Amino acid sequence: MADGARRNPLFRNLTAKLAAVPMVLTALVVFAGGTVWTVVYSFTSSKLLPKLKWVGLDQYERLWGASRWLVAIENLLIYGVLSLVLTISIGFMLAVLLDQKIRFEDTFRTIMLYPFALSFIVTGLVWQWLLNPEFGVPSVIKAMGWESFELDLLHDPKIVLYGLLVAGLWQGTGFVMCIMLAGLRGIDEDIWKACRVDGIPRWKTYLFVIVPMMRPVFITTLVIVASGIVKLYDLVVAQTSGGPGNASQVPAMYVYDYMFQAQNLGQGFAASSMMLVSVLIVLIPWAYLEFGGRKRG
Amino acid sequence: VDLEVTHWWTSGGEAAAVAELAKAFDASGDHWVDGAIAGSGGTARPIMISRITGGDPMGATQFNHGQQAMELVEAGLMLDITDVAEANNWKSIVNPPSLLDACTIDGKIYCAPVNIHSPEWLWISNKVYEDLGIPVPQNWNEFVASAPQVEAAGKIPLALGGQPWQSNLAFGAISVAVAGLDVWKKVNVDKDMDVAAGPEYAAVFKAAADARKLAAKSNVQDWNQATNLVITDQAAAQIMGDWAQGEFAVAGEVAGKDYTCLPGLGLNAYLSTGGDAFYFPKLDDPEKEAAQKRLAALLVAPETQVAFNLKKGSLPIRGDVDLATANDCMKKGLEILASGNIVPSGDMVWSADVQKQIEDLMVEFWSSDMPAEDAQAKWVEILKSGL
Amino acid sequence: MHSISVKELTLNFGAVSVLKDLNLDVAEGEFIVLLGPSGCGKSTLLNCLAGLLDITDGEIWIKGKNVTWAEPSERGIGMVFQSYALYPQMTVRGNLSFGLKNARMPQAEIDKRVARAAEILQIGPLLDRKPGALSGGQRQRVAIGRALVRDVDVFLFDEPLSNLDAKLRSELRVEIKRLHSRLNNTMVYVTHDQIEALTLADRIAVMRGGIIQQLDAPQVIYNRPANLFVAGFIGSPAMNFLHGATVDGGRRFEAGGIGLSLEGYEGGAVGARPEVVLGLRPEHLEIVPGAEEGRTIPAVVELDEPMGADSLVWLKAGGAQMSVRVPVERRMARGAAVHLRVDMTKASLFDAATEQRI
Amino acid sequence: MHSISVKELTLNFGAVSVLKDLNLDVAEGEFIVLLGPSGCGKSTLLNCLAGLLDITDGEIWIKGKNVTWAEPSERGIGMVFQSYALYPQMTVRGNLSFGLKNARMPQAEIDKRVARAAEILQIGPLLDRKPGALSGGQRQRVAIGRALVRDVDVFLFDEPLSNLDAKLRSELRVEIKRLHSRLNNTMVYVTHDQIEALTLADRIAVMRGGIIQQLDAPQVIYNRPANLFVAGFIGSPAMNFLHGATVDGGRRFEAGGIGLSLEGYEGGAVGARPEVVLGLRPEHLEIVPGAEEGRTIPAVVELDEPMGADSLVWLKAGGAQMSVRVPVERRMARGAAVHLRVDMTKASLFDAATEQRI
Amino acid sequence: MLYGTLFIVCIYYILPLWVMVMTSLKGMPEIRVGNIFAPPVEITFEPWVKAWSEACTGLNCDGLSRGFWNSVRILVPSVILSIAVASVNGYALVNWRFKGADVFFTILIFGSFIPYQVMLYPIVILLREMGIYGTLSGLVLVHTIFGMPILTLLFRNYFSSLPEELFKAARVDGAGFWAIYFRIMLPMSMPIFVVAVILQVTGIWNDFLFGVVFTKPDIYPMTVQLNNIVNSVQGVKEYNVNMAATLLTGLVPLTIYFISGKLFVRGIAAGAVKG
Ligand SMILES: Nc1ncnc2c1ncn2[C@@H]1O[C@H](COP(=O)(O)OP(=O)(O)OP(=O)(O)O)[C@@H](O)[C@H]1O
Ligand SMILES: Nc1ncnc2c1ncn2[C@@H]1O[C@H](COP(=O)(O)OP(=O)(O)OP(=O)(O)O)[C@@H](O)[C@H]1O
Ligand SMILES: [Mg+2]
Ligand SMILES: [Mg+2]
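All values reported here derive from a predicted model rather than from experimental measurement.

This part is about the site of ligand 2. All names here are of chain D. The full set of residues close to ligand 2 is Phe13, Val18, Pro37, Ser38, Gly39, Cys40, Gly41, Lys42, Ser43, Thr44, Glu159 and His192. Glycine 39 places a main-chain nitrogen or oxygen 2.7 Å from an oxygen atom of ligand 2. Between ligand 2 and threonine 44, the relevant distance is 2.4 Å, taken from an oxygen atom to a side-chain nitrogen or oxygen of the residue. A per-element tally of the shell around ligand 2 places helix α1 (residues 42-50) first, with three residues. For the shell around ligand 2, the residue count by class is four nonpolar, six polar and two charged.

The following block contains the structure:
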């Protein structure tokens, strides 16, 4: 009599476990497996095809000796910090503007969000063109009478990152704005009232009360934006191809170039392993805040 | 039989040349399925390699011959076309023979060369100099000397695209021209690192540093945009391979009249002979294999060679064809070729990895104010790593 | 001078009129409770007083000043919210002093006020904790403290205890009452809990649909509700209603075979009316074994609900369901036929058409 | 045969043990209420009965069958949730018949059962509406109906009335009681509202920290709480506690200058104990003008809370705060010195150390 | 003031679109001389026609039209499959927790941060071993895999915001895993499905890397064709054709945003922020 007998726990809710098989496989085989595979082969001298010829840390030594990689890392840091700060702050400010019970909110929101629908390739091309000093925005400003205006965001190595930034912000702020807006809408109405009764000016309310309260939203956004930054590739390829010179190189390009163009998989894998490490640096604090924090709460 | 052929020839002249190949292939009852991937070899190669290693190979694919495809061959992924080569006697007709050597691994032939490219050309706009009222420079040194006047006239002395390989190409051209064949060979073929670090190459880097100054104002990306600067007389000159000729032709310019071409930068009439070749990944289908072999034979056949290379502006891989219709520049090239003043291309002597690193170095060099000596030192380091 | 004076206040949300020509005068130091079903406009009225909503028409005076268009912080009011609305990332001290700091009050004065509020509310030990680390009751106390430190004349409470459990609610109720008797400032308190209303208020304003139905002392509201709505709304278990008519020139009430003498009913001239409603509170009925002419209603016991201290007996009488409160010791058998003696001096009589008290 | 029998039930969430060796037998047709503070494990126990949580150890028997590892739907139970948990996208009819359809019951039978449930709960006219278009009370009725159609032996309720307002709550309470007397099946009902517990239950299980503190009939729980926790938890306003000692071999209780004779206390042998707590319910105290030796406590009136039907007077007595329930007519002046007469037959006495009733 | 700021901000956002549209309607001569912001003097739809059906890459001169249908063929099954799998994942994670589920989920989330280039090689090997490299199903699988992390997160957050009691009620009613999913959860999840669809349509439609690596020319998606057209510089860049091609490529996701932007925001509020 099966009645009351304890069934094998493995077979309890069997359907649920079967349904989760795709997820488990993806997690284990693709993500975990792929990552481990990559890391393992980063210790080999694989060229065009992966081969298990161990070379220890050679690939890493070479990587950190390559000036292009160093430039890429530095660029990623600069671009990353700027982009994080600006995307989030601009996204938040736009959300605040839209949260003022304005008319045509839908229209404004759509306008700010639509770039998100376009691919980075498109974004890169359009801004490459718009920033062209000969017929883009700079030339128009010149034509409007500001003769001395010189701004060549894409061909001056010192400022090319800002050229990327302009395009990156254009594409990404709308989405962040949406998340922020949703976050703002989730704030208890009474907090606003309490602040008004306390006589706190609006900007102070945002800065000292609302922003701290939206911490989870900020963290989510931070993670989304940060993961995008680490992956930054298409935009650079489309807009500057890493140039002028190496001025706008990013790690993902290095990985790609060395894996496929230089046909030095080992080097590419070493670089990607370093990228994974940087991802971990971003992720672990987040996971700690997000999941560690929840258990306590 | 349908055969998918992948390549990265998408610019105007290139596409026209490919059309010739396709026409010829289709004429034999087969069907050329075009798999063009725009961009450059850098974009296209990973895709091709992924497909071959991923088990979904195309029927034929373009590679620069040399070390690029070697591992694929070693992994047994490529079709051995020795029989085709023997049947058509490629050994004796392919000129220079080094082209076929690059296709040969362990005595077997794996690729069909289609053209010869030589990157060491200087293209000069005659109009710019006519306007200035000075004679058109006849070699690199004269060109450098004339540069201040060009600049004073508000034109760019040297057009250079922003893509990394163009910086690399410019350096390669300058090095053959300035250092001369022997020195070049000592370093690249005999791998003599002392020479690489020596004074001959110091001069090369010095010349490159000069060129860097001249190209400072050029801010285009694609090579053909740079060529276009010369065509439209906004720039005085460009260092580019012989394929630039196709662009001049498409624009209706006439060699000698509208523009001048100087092989080996007018200093040393040596050309390095890289080129494109087609490889044929192994397919399980015997019918397709037969078609692959038909295509291989066709690519080397004289008619195809003429039609293709005329359109592309490159040199044919066999000396026995008649290029009467060839223009001024192409003839210059053919002469050099016939005289045997050739050097092997970088693709043949250095691995992709080393070349990529040199490319990175050159990109850095051309876009910064890195001193020539530093660049040379780094360059030697990279070469040493590839020994 | 009234502490608060609302004159002809109208408030529309778009096309919907939520408050209609509302008048309300609150005396200095008075504790007013706004009571009414959900959506009747209590919070809206409170928000209008606080200046958190722009009114459509009318005037609001606080302490003799027309503040109709003044900012909330300028009105001399403090407000306590149902959800506490504490600033989660600040300590209790920060919560209390945030408004004062913003008004550029000297630190010494701030410290003094915070200390005083902490002492009054007994939250001294909590001052350096964050709201997340407080219990519901403690949070509510901090919320009150935030109003307290502002040293205002008028306190506005919007259902401050609704989020707390029953036990805590009754404790804090007593505390608020004590706070009021200590500070003696004007308080306007929104709730839908009638026990809170009855225990706290000097006067209760019963609202429905944006209109004040009755504004009076709790006992008056309870014992002499002005209309059917108030009668039904106040009291738990609810007042029993018998639909019938007054006959004999208003001397008798008759309904479904029941006849009751109206002698002793304290309303005005009743007169003969075809449709009236007689309201009888459960505790004003008494279960007696035998009928008494004109004073009792025959009834059958349906259910008996012991509630600890006393017990509620549900009966069927005169076609209606009635409840009677009895001491808990008295258990009634289901189906027993009994009689309910009516205390007519405590009954309420309403005109069925106008719903007004007669 | 017990209707439900829980044997040595243990449930851990990770390292936290929520239920500990819990035993509970419920008789056929009994109405059991689980009562306790938030987080004490009431819902957890109910979910274990329903099979919605896998228990760590122990056994659960329903109707004589060991169902410890049976699926929820196989246990012959119906469950009603606090948030109604109606399927928003289905009509009322769809909600009621969903479970039956899952069991592949013939349509005719489904229709019959739905019709019967609709008739019992008087939701016939609502059958084709969606839950969104129903009021809170109606939704709760549908939720009950969903259990009803399944024709189960055991009903499980998890705070079914908590989301409703006071008025509706008392109405539905009566309805549930009626439903029980009509269907006469076993019901386990979770609540933290003691009025619900006291009025509905045949027996109440008072829980704390995953342990049943006392399982008894409502009047016993109310009048003879087994320990301090139960005494303090049940009753609103709460029982008054005086901390003191029994002297004279257990014949007198003394605390802060108060002396009370324990004569009439119905507990067992009291004996002399240094630390005891005397519990007195507000309605078992009487305010009298003069002291009576050994029977009264002197007190000073602090506050007076009229609550409609009666009034609560808060006093300071013997160093503690006490409350007394008086008729609403009797208003007490603040500061008045009075005496409280204790009805010792209804008092409770606890050992301060073990917290158990003496 | 408020509207002024918003207006200026909007110019920044609108400008590129404006330029794209205007340029795509101009002829090449006008582009060479004119201001890029000026509306065309003479409107021509030729660039659009050319981009759609005439532009050449190599030998193929059928513009984007072929890529469009390929993209649709890739898009539809990828979107459906990835959302189906991810929603079931989210549902299983929230309501049918089993041992280790969190570990897998964590790995999955970690996966969403891995640069795609890194995974390219392992995936090539994986697909090769499965024998579906270069096929439509291979690409669909790749999109499903890479869509999984973020979508699963989205669904997980959403489902955990639904009342758990509904799930319990359904279990008491005897519904199993699939019955609850289809009959109870799905009908309640429209907002989050909208978000998922929008994200996936955008992501998959705009994808270039996977499209080019995991397919072959006869199933190249539109973005690959776009890249080919834009990068096949034949003499001078034909900006008008490029812009028209770009716009054509962006048309599908753009339309979806313009139509359902409102739902998107609502869904984001329901799924992304809670969590
Ligand atoms: N911002 C608003 N826009 C439109 N209508 C509103 C708004 N705020 C409130 N209302 C409407 O005004 C009426 C009164 O709302 P109010 O919040 O004052 O009710 P309340 O009496 O406080 O109810 P509760 O007891 O539920 O808090 C309700 O019908 C409500 O729907
Ligand atoms: N899934 C879970 N994981 C860990 N702990 C849990 C979980 N569910 C409940 N608990 C803990 O178990 C204890 C009992 O919870 P339970 O929901 O049974 O309380 P309750 O008596 O129903 O309270 P309430 O009156 O608030 O509904 C609580 O301390 C709670 O924090
Ligand atoms: Mg309200
Ligand atoms: Mg519970």
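Still more to cover.
Each partner contributes residues to the interface: chain E has 77 residues there, and chain A has 86 residues. Taking both partners together, chain E and chain A bury about 7,400 Å²; carbon and sulfur atoms supply 82% of that area. When residues of chain E are sorted by the area they lose upon contact with chain A, Tyr13, Phe113 and Tyr121 of chain E head the list and together hold 11% of the total. Seen at the junction of chain E and chain A, the total is zero salt bridges. Joining chain E to chain A, the criterion identifies seven residue pairs in polar contact (both at pLDDT 80 or more). Of the residues assigned to the side of chain E that touches chain A, the class counts are 61 nonpolar, 13 polar and three charged.

Residue and element names in this part refer to chain A. A cluster of nonpolar residues, Leu14, Leu18, Val21, Leu25, Leu28 and Val29, forms a patch on the protein surface that exposes about 490 Å² of accessible area. Among the elements of the structure, α1 (14-19) and α2 (21-41) are those that each provide at least two residues to the nonpolar patch. Of the residues forming the nonpolar patch, the biggest block, four residues, is contributed by α2. Note that leucine 28 resides in helix α2. Its relative accessible area of 41% is what places leucine 28 among the partly exposed residues.

This brings us to the pattern of salt bridges. Using the criterion set out here, one finds 59 salt bridges over all chains in the structure. A salt bridge links arginine 295 of chain D to glutamate 292 of chain D; the nearest nitrogen and oxygen atoms lie 3.8 Å apart. For arginine 295 of chain D, a relative accessible area of 44% puts it in the partly exposed group. We classify glutamate 292 of chain D as partly exposed; its relative accessible area is 25%. Residues joined in a network through salt bridges with shared partners are Arg68 and Asp257 of chain A together with Lys356, Glu359 and Asp360 of chain B.

Here we come to the site of ligand 1. All names here are of chain C. Looking at ligand 1, the residues that line it are Phe13, Val18, Pro37, Ser38, Gly39, Cys40, Gly41, Lys42, Ser43, Thr44, Glu159 and His192. Taking serine 38, its side chain carries an N or O atom lying 2.5 Å from an oxygen atom of ligand 1. Lysine 42 has a polar side-chain atom sitting 2.8 Å from an oxygen atom of ligand 1. In the complex, the protein chains occlude 55% of the 630 Å² of accessible area that ligand 1 would expose alone. The element contributing the most residues to the shell around ligand 1 is helix α1 (residues 42-50), with three residues.

About the thresholds
- Residues numbered from 1 in each chain as written.
- Chains lettered and ligands numbered in written order.
- Predicted model: local features only at pLDDT ≥ 70, side-chain atom pairs only at ≥ 80, totals over all residues.
- Heavy atoms only, no water.
- Near = heavy atom within 4 Å.
- Polar contact = N/O pair within 3.5 Å; in protein donor to acceptor, adjacent residues only side chain to side chain.
- Helix = DSSP H or I, 4+ residues; strand = E, 2+ residues; numbered from the N terminus.
- Nonpolar A, V, L, I, M, F, W, Y, C, P; charged D, E, K, R; others polar.
- Contact = heavy atoms within 4.5 Å.
- Buried area = accessible area lost by both parts, 1.4 Å probe.
- Salt bridge = Lys/Arg side-chain N within 4 Å of Asp/Glu carboxyl O.
- Patch = residues over 30% accessible without salt bridge, like charges linked within 9 Å, V, L, I, M, F, W, Y side chains within 5 Å.
- Areas by Shrake-Rupley, 256 points an atom, 1.4 Å probe, with all protein chains shown as cover.
- Buried < 20%, exposed > 50% of the residue type's maximum accessible area, 1.4 Å probe, protein only.

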